[in-house]
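Close look at the chain arrangement
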Amino acid sequence: MAKLELHNLYKKYDSQVIPVKNVSLEVEDGEFLTLLGPSGCGKSTLLRLIAGLEPATEGKVIIGDKNVNRVPPGDRNIAMVFQSYALYPHMNAAENIGTALKLRKMPKEEINRRVREAAQKLELNHLLDRKPGQMSGGQRQRVALARALVRDPEVFLLDEPLSNLDALLREQVRAQMKQLFKEQNKPVVYVTHDQTEAMTLSSKVAVLYDGIVQQHAPPNRIYTHPANQFVAGFVGSPQMNFITLKCEGNTAILGKSALPLVDITNVPSRIVLGIRPEDLHLATPEDEYVLQGKVFLVEELGKENLISIKVDDSDLTIRALLPTDRNWEGDKIRLALPLQQLHWFDVETGARVGK
Ligand SMILES: Nc1ncnc2c1ncn2[C@@H]1O[C@H](COP(=O)(O)OP(=O)(O)OP(=O)(O)O)[C@@H](O)[C@H]1O
Ligand SMILES: [Mg+2]
């Protein structure tokens, strides 16, 4: 058992720069937690606090029931993969992978066995004699991953380990990684600003913005029930549409439709409606809630087209994903608004309202 717990962690560099604000998270054995957020939101700083590379200003880091605040990084039994790989240039891949085991004075045969096993899993066998300078970025990245795997630590920390790979290789290594960490059954904390990585790899995602955890939940929950407008806009591609609407009684007014505000108590005078482009479809005559408009831009995505529509009698634009079987440019279209898939947010705070 090596549960990782963070209790009310703060990091202050000065009164202005506070990249980690009151972060509390738990990561169980075998759980893959991704810290997801835009550049500068405090992801790497939080990881460095867990690793002990930076002291926390306030709060506790607990690994397997032990408070490690005062334990130096080398004694925390953590394996960290850095974005920059941090390989030793004078060592070949095998030596790089086994270096921590050698420091632990592990017998040579055992080191060799573990290095070969990790290399096999990451398809590095043929590269073990090469130095980092003789390898591609993707190969170096996999050596850095193998080096973390052989250590058998209590916790894995990974800081954007796939960011230097091309799209295809990233997809391959991502799948390998998911399998490898499943076998390890240890807590993993993974940092990325790539939402696809976060969604595909994680058992839970913590969306970070301005040093604050905005939402901590399984990926699917984050997608279907974003806790606030920031999360809703950050997760999902193409991005969710947001429209500010006036409220009347228990409804929000969009063109000719009065959309019922179910489960919302104390209806405000205005509210933000969120709709994902993939949740909009062409309306049939039976659809009760629709919006009408004219297509002014079509972006081809291959499988579908991303259509931009100017909504009639307003200056609103909205984007929808529609089939590729028709040339939409200039068309007048009617889109159904699926009540089950509408998201509502507070105009002032951006917090989710309703269910
Ligand atoms: N040593 C430091 N001294 C002062 N400010 C720092 C220091 N290290 C980081 N910061 C600031 O803390 C904030 C968070 O930085 P951090 O590196 O954690 O961001 P990040 O989420 O990892 O971003 P990226 O996705 O770009 O890697 C930034 O505003 C950064 O400028
Ligand atoms: Mg970073």
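As shown above, the structure is provided for reference.
Note that the coordinates shown come from a computational prediction; the quantities given were computed from them, not determined experimentally.

In this section: the site of ligand 1. Every residue lining ligand 1 is accounted for by Tyr13, Val17, Pro19, Pro38, Ser39, Gly40, Cys41, Gly42, Lys43, Ser44, Thr45 and Glu160. Contact distances for ligand 1 include 2.8 Å between an oxygen atom and a side-chain N or O atom of Ser44. One nitrogen or oxygen atom from the side chain of Thr45 is found 2.5 Å from an oxygen atom belonging to ligand 1. For the shell around ligand 1, the per-class residue count stands at 5 nonpolar, 5 polar and 2 charged.

Here we come to the pattern of salt bridges. Overall, the coordinates contain 14 salt bridges when judged by the stated rule. A salt bridge links Arg113 to Glu110; the nearest nitrogen and oxygen atoms lie 3.0 Å apart. Pair noted here: Arg113 and Glu110 are both in helix α3 (residues 108–121), with a separation of 3 residues, about one helical turn. For Glu110, a relative accessible area of 25% puts it in the partly exposed group. Measuring nitrogen to oxygen at the nearest pair gives 3.6 Å for the salt bridge that ties Glu117 to Lys121. Of this pair, Glu117 and Lys121 are both found in helix α3, 4 residues apart, which corresponds to roughly one turn of the helix. Residue classification places Lys121 among the partly exposed positions, given a relative accessible area of 32%. What emerges from the salt-bridge pattern is a single network uniting Glu110, Arg113, Arg114, Glu117, Lys121 and Glu183.

Along the chain, Lys43 turns up in helix α1 (residues 43–51). From its side chain, Lys43 meets the backbone oxygen of Gly37 in a polar contact 3.0 Å long.

Attention shifts here to the side chain of Asn305. Inspection of the secondary structure assignment puts Asn305 in strand β17 (residues 305–311). If sequence neighbours within four positions are ignored, Asn305 has contacts with Val298, Glu299, Glu300, Ala320, Leu321, Leu322, Pro323, Thr324, Arg326 and Trp328.

This part takes up the packing of aromatic side chains. The geometry of an aromatic ring pair comes down to the distance between the two centres and the angle between the two planes. Counted under the stated rule, the structure contains 6 aromatic pairs. Each ring, one from Phe156 and one from Phe181, has its centre 4.9 Å from the other, and the planes form 75°; the classification is edge-to-face. Highlighted residues: Phe156 in strand β7 (residues 155–159) and Phe181 in helix α5 (residues 167–184), separated in sequence by 25 residues. Judged by its relative accessible area of 1%, Phe156 falls in the buried class. Residue Phe181 is classed as buried on the basis of its relative accessible area, which comes to 4%. One aromatic cluster is present, built from ring pairs that chain together Phe32, Phe156, Phe181 and Tyr190. The ring of Tyr10 carries the charged tip of Lys12 above its face, separated from the ring centre by 5.9 Å. Across the ring face of Tyr223, the terminal group of Arg276 is positioned such that the distance to the ring centre comes to 4.1 Å.

The linkage connecting Ser237 with the following residue, Pro238, adopts the cis geometry, with an omega of -5°. On the secondary structure map, Pro238 appears in the loop between α8 (229–234) and β11 (241–248). In this structure, Asn8 takes a positive phi of about 45° despite not being glycine. With respect to the element layout, Asn8 can be found in strand β1 (residues 4–11). In this structure, Asn266 is a non-glycine residue whose phi angle is positive, near 50°. You can see Asn266 is positioned in the loop between β13 (257–260) and β14 (270–275). A residue is classified by how much of its surface remains accessible, and Asn266, at 74% relative accessible area, is exposed.

In this section: the sheet that holds strand β9 (residues 204–209). If you walk across this open sheet you meet the 6 strands as β6-β7-β8-β3-β9-β10, and the pairing is mixed. Two strands bound the open sheet, and with one partner strand each, they are β6 (78–81) and β10 (212–217). Neighbour-to-neighbour, the strand axes of the sheet open up by a mean angle of 15°, direction not taken into account. Sheet topology note: the strand β3 (residues 32–36)/β9 ladder contains 4 bridges and is parallel. By the bridge assignment for β9, Leu33 is matched with Lys204. Its contacts with the sheet place α1 against β3, β6, β7, β8 (188–192) and β9, and it is angled at close to 150° to β7. In the packing of α5 onto the sheet, contacts are made with β3, β7 and β8, and the angle to β7 comes to roughly 160°.

Conventions we followed
- Residues numbered from 1 in each chain as written.
- Chains lettered and ligands numbered in written order.
- Predicted model: local features only at pLDDT ≥ 70, side-chain atom pairs only at ≥ 80, totals over all residues.
- Heavy atoms only, no water.
- Near = heavy atom within 4 Å.
- Polar contact = N/O pair within 3.5 Å; in protein donor to acceptor, adjacent residues only side chain to side chain.
- Nonpolar A, V, L, I, M, F, W, Y, C, P; charged D, E, K, R; others polar.
- Salt bridge = Lys/Arg side-chain N within 4 Å of Asp/Glu carboxyl O.
- Helix = DSSP H or I, 4+ residues; strand = E, 2+ residues; numbered from the N terminus.
- Buried < 20%, exposed > 50% of the residue type's maximum accessible area, 1.4 Å probe, protein only.
- Contact = heavy atoms within 4.5 Å.
- Phe/Tyr/Trp six-rings, centres within 6.5 Å; stacked < 30°, edge-to-face > 60°.
- Lys NZ or Arg CZ within 6 Å of the ring centre and 35° of its normal.
- Pairing = 2+ DSSP bridges.
- Axes fitted to C-alpha atoms, helices over the stretch in contact; angles between N-to-C directions.

The quantities given are spatial measurements derived from coordinates; they are silent on function.
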